[in-house]
Amino acid sequence: MVAVTDAITVRGLHKAYGKHVAVDGVDLDVRAGEVFALLGPNGAGKTTTVEILEGFRKRTSGDVRVLGVDPHQADEAWRARVGVVLQSTGEFDDLTAREVVHHFANYYPSAADPDEIVERVGLAEKRDERTRTLSGGQKRRLDVALGIIGRPELLFLDEPTTGFDPEARREFWGLIRDLAGSGTTILLTTHYLDEAEALADRVGVLSGGKLIAVDSPDRLGGRGQGGVTVGWQGPDGPATERTETPTALVARLAEQFGGEVPGLTVTRPSLEDVYLRMIGAGE
Ligand SMILES: Nc1ncnc2c1ncn2[C@@H]1O[C@H](COP(=O)(O)OP(=O)(O)OP(=O)(O)O)[C@@H](O)[C@H]1O
């Protein structure tokens, strides 16, 4: 069996801003090579947690190891192993996309080829345009280019596709899968449940500063077990039944109907359903 190592280990993490406790005893392990999505409502403590892991914010207490190092005491060598994609990159309006990526490559000891990175994030056609003329989605791609130019082992992505059109999101997901496929560990925060489902090996739900659940998207909140709703068009109109054994029910219906079951649907609760239940939305 291949040993599983952790890229991130967090134990008993607390962060208070004055009297306000933003992170309240979080334990978290992110395995090397996985895509982990941190979910949670506004103010849940996601950014605070991630910025502590990135070494940009001081914790109040707790133990944190990122690539084996305490980020608060990390050095240049550690920083070169970690990529950060912030919610917006600094001011390089008068430089072209290509120039910005080349410029950032100089900060890293073993940077990737800047032109290849520009291509990889889908900005080849825009590489000679000044960044001020890029669209929101294109600027985000540039942010990602800057996050990966140093060939990071671990990449932090903070709400990477906010403001993207659906096509740009799909393309961006392809890029993230590509990075994950080449072995980069990725920790992303997102408000999009479909994004977490499409990309993440595991998701963690933060609520009120506490990590209330960690599981794969298809198992979160017992999603994988029971609670399946089978629907069909019966002789008296639409019918539904909740069951733990949908296959048996569908087989029975098929027998009853002598073949195709009219209007057959089999649905499990969506990730959004279980997430909203977990965070107590609407209660
Ligand atoms: N610098 C700060 N000073 C004081 N309070 C802060 C500071 N940063 C965050 N907070 C508070 O800590 C809590 C957690 O904030 P944080 O930004 O980590 O949440 P979040 O989960 O990232 O939210 P969002 O989804 O809105 O980005 C919030 O109540 C916020 O008001």
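Residues numbered from 1 in each chain as written. Predicted model: local features only at pLDDT ≥ 70, side-chain atom pairs only at ≥ 80, totals over all residues.

Colleague: Please explain the nonpolar core as it appears in this structure.
Modeller: Generally speaking, a soluble globular protein has its nonpolar side chains buried in company with each other. One finds Ala37, Val101 and Ala145 to be the most contacted residues of the largest nonpolar core, which totals 59 residues. The residues touching Ala37, leaving out its near neighbours within four places in the chain, are Leu188, Thr190, Ala196, Leu199, Ala200 and Val203. (Core = buried A, V, L, I, M, F, W, Y, C linked by C-beta atoms within 7 Å. Buried ≥ 20, exposed ≤ 12 C-beta atoms within 10 Å, placed from the backbone. Contact = placed C-beta atoms within 7 Å.)

Colleague: Please explain the pairing of strand S8 (residues 202–207) as it appears in this structure.
Modeller: Both faces of the sheet carry side chains from a regular strand, because those side chains alternate between them. In terms of strand pairing, strand S3 (residues 35–39) meets S8 through four bridges, oriented parallel. Bridge assignment links Phe36 to a residue of S8, and that residue is Arg202. Of the strand pairs in this sheet, S8 and strand S9 (residues 210–215) are connected by five bridges, and their pairing is antiparallel. Directly across from Leu206, in S9, lies its bridge partner Leu211. (Pairing = 2+ DSSP bridges. Helix = DSSP H or I, 4+ residues; strand = E, 2+ residues; numbered from the N terminus.)

Colleague: For this particular structure, what's the right way to read the domain arrangement of the protein?
Modeller: Buried accessible area, meaning the area lost when the parts come together, often serves as the stated size of an interface. Split by domain assignment, the protein resolves into domain 1 (6–221) and domain 2 (225–267). For domain 1 versus domain 2, the separation of C-alpha centres amounts to 42 Å. (Domains from an automatic or database assignment.)

Colleague: What am I meant to see in the site of the ligand here?
Modeller: The local shell around the ligand consists of Tyr17, His20, Ala22, Gly40, Asn42, Gly43, Ala44, Gly45, Lys46, Thr47 and Thr48. When residues of the shell around the ligand are assigned to their parent elements, the largest contribution, three residues, is made by helix H1 (residues 46–53). In the shell around the ligand, the residues fall into three nonpolar, seven polar and one charged. (Near = placed C-beta within 6 Å. Nonpolar A, V, L, I, M, F, W, Y, C, P; charged D, E, K, R; others polar.)

Colleague: Sorry if this is basic, but what is going on with the sheet that holds strand S1 (residues 6–17) here?
Modeller: Within a sheet, adjacent strands bond to each other through the backbone by hydrogen bonds, running parallel or antiparallel. With respect to topology, three strands assemble into an open sheet ordered S2-S1-S4, the strand pairing being antiparallel. Since the sheet does not close on itself, it has two edges, and those belong to strand S2 (20–31) and strand S4 (61–66), each with one partner. Averaged over all pairs of adjacent strands, the angle between their axes in this sheet comes to 15°, without regard to strand direction. Pairing between S1 and S2: nine bridges, direction antiparallel. Pairing of His14 across the sheet is with Asp24, part of S2. (Axes fitted to C-alpha atoms, helices over the stretch in contact; angles between N-to-C directions.)

Colleague: Please explain the sheet that holds strand S12 (residues 265–267) as it appears in this structure.
Modeller: Taken in spatial order, the three strands line up as S11-S10-S12 in an open sheet, and their pairing is antiparallel. Edge positions in the sheet fall to strand S11 (237–243) and S12, since each of these pairs with one other strand and no more. Along the sheet, successive strands turn relative to each other by an average axial angle of 20°, direction set aside. The sheet contact formed by strand S10 (residues 228–234) and S11 spans seven bridges and is antiparallel. Among the inter-strand pairings, Trp232 is bridged to a residue of S11, identified as Ala239. Lying on the sheet, helix H8 (residues 246–257) is in contact with S10, S11 and S12; it crosses S10 at an angle near 10°.

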